[in-house]
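Descriptive structure summary
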Amino acid sequence: MSKAEINLPYFDKILANLEDKVVKTMLGNHVHWGYWENPNLAQITAQDFAIAAEKLSQKVYQAADIQNGISILDVGCGFGGTITSINHNYSAIKITGLNIDERQLAIARKQVHPRDDNTIEFVQGDAIKIPFADNSFDVVLAVECIFHFSSRVAFFQEVKRVLKPGGKIAFSDFVPTPALKFFEPVVRLFLKDFGAKTYGQANFITLAYYDNLVKKLGFNSLKIEDITFNTLPTYTILKECSVLSSSPIARKTNNILECMTRLGLLRYLILSVSIE
Ligand SMILES: C[S@@+](CC[C@H](N)C(=O)[O-])C[C@H]1O[C@@H](n2cnc3c(N)ncnc32)[C@H](O)[C@@H]1O
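Now for a quick tour of the structure. Bear in mind that the values here come from a model prediction, so they are computed numbers and not experimental data.

1. Considering helix α6 (residues 152-162)
Note: α-helices contain 3.6 residues per turn, so residues at a spacing of three or four share the same orientation. Buried residues of α6: Arg-152, Ala-154, Phe-155, Phe-156, Glu-158, Val-159 and Val-162, and no others. Against β1 (71-75), β4 (137-142), β5 (163-176) and α8 (207-216) lie the buried residues of α6. Structurally, the start of α6 carries an N-cap: the backbone nitrogen of Val-153 is 3.3 Å from a side-chain oxygen of Ser-151.

Given below as structure tokens:
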């Protein structure tokens, strides 16, 4: 995909402001929501957010039962935050970061270096056309990026193809509850307008859809962890970050997401599923 076709307005903003101390601390490593064990104790600082973002990555890869010595594909790897964390905590692992956006990969290559006997590589490519051979990985991860992919069906077909027998995928996603269907036209408009102007292409799918999809493709049963409550301080921090909330559209987008979440219409889930 050419640079012109990549539509990730929030990354344009992050990349343009990566020298800003607050942006660098908050988003220079992980680019996703945070996880607070006790959200009431969140400090609403860039540093606290960075710690919470690290914790969220750990929650996702722990759902995949990462062990020393395995091979991992991190799809939509951003600046390599999840890979950095795995690299620090495991040995003899082979990790590949895949991203559609070469600009992010260039930064990841500069800041992520393999420790001891780990191997790390960053590769440009699309999640729905994974550029690796069949049976290449023990684990696939996709931290907060699946909503960008043009087809979840094509993505899961690719995951099934590149996973070794017994392999596993763990990912996080914003998943609507059944009540959100009563607001469907509004949500569609939101995703096409404010949402798209802030985050680029994104869509929501229900848990029932995921369940059906993985069953149809022959995966085992989905495991689900609802961490919505633990992510809530993210919204307060995003409002406090002046660079990120300087545009009225971005502010409105995050306010709508927060509102849907607090009303129980949207959940933040960690999902994992294995293949025989
Ligand atoms: C919210 S960021 C998450 C980044 C990273 N997973 C993290 O947690 O720090 C979403 C990521 O998905 C990537 N992405 C979007 N569409 C993609 C696609 N079709 N194939 C691969 N990566 C994609 C973006 O470039 C971005 O890095």
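Here the narrative resumes, following the displayed structure.
2. So, the packing of aromatic side chains
With the rule as written, the count across this model stands at 16 aromatic pairs. Each ring, one from Phe-171 and one from Tyr-210, has its centre 5.2 Å from the other, and the planes form 55 degrees; the classification is tilted. Of this pair, Phe-171 sits in strand β5 while Tyr-210 sits in helix α8, and the two are 39 residues apart along the sequence. For Phe-171, a relative accessible area of 0% puts it in the buried group. An aromatic cluster is defined as three or more aromatic residues linked by ring pairs; in this entry it consists of Phe-149, Phe-155, Phe-156, Phe-171, Tyr-210 and Phe-219. Lying across the ring of Phe-182, Lys-181 places its NZ or CZ 5.0 Å from the centre.

3. Description of the side chain of Lys-168
Along the chain, the position of Lys-168 falls in strand β5. We classify Lys-168 as buried; its relative accessible area is 12%. Separated by 2.9 Å, the side chains of Lys-168 and Asp-65 make a polar contact. The contact partners of Lys-168, leaving out residues within four places of it in the chain, are Ala-63, Ala-64, Asp-65, Asp-138, Val-139, Val-140, Leu-163, Lys-223, Ser-272, Val-273 and Ser-274.

4. Considerations on the site of the ligand
Around the ligand sit 21 residues in total, of which Val-31, His-32, Gly-76, Asn-99 and Gln-104 are the nearest. Gln-104 is positioned such that a nitrogen or oxygen atom in its side chain is 2.6 Å from an oxygen atom of the ligand. Within the contact set of the ligand, a nitrogen atom lies 2.9 Å away from a side-chain nitrogen or oxygen of Asp-126. Within the complex, the protein chains bury 96% of what would otherwise be the 580 Å² of accessible surface of the ligand. For the shell around the ligand, the residue count by class is 10 nonpolar, 8 polar and 3 charged.

Analysis parameters
Residues numbered from 1 in each chain as written. Predicted model: local features only at pLDDT ≥ 70, side-chain atom pairs only at ≥ 80, totals over all residues. Heavy atoms only, no water. Buried < 20%, exposed > 50% of the residue type's maximum accessible area, 1.4 Å probe, protein only. Helix = DSSP H or I, 4+ residues; strand = E, 2+ residues; numbered from the N terminus. Contact = heavy atoms within 4.5 Å. Polar contact = N/O pair within 3.5 Å; in protein donor to acceptor, adjacent residues only side chain to side chain. Phe/Tyr/Trp six-rings, centres within 6.5 Å; stacked < 30°, edge-to-face > 60°. Lys NZ or Arg CZ within 6 Å of the ring centre and 35° of its normal. Near = heavy atom within 4 Å. Areas by Shrake-Rupley, 256 points an atom, 1.4 Å probe, with all protein chains shown as cover. Nonpolar A, V, L, I, M, F, W, Y, C, P; charged D, E, K, R; others polar.

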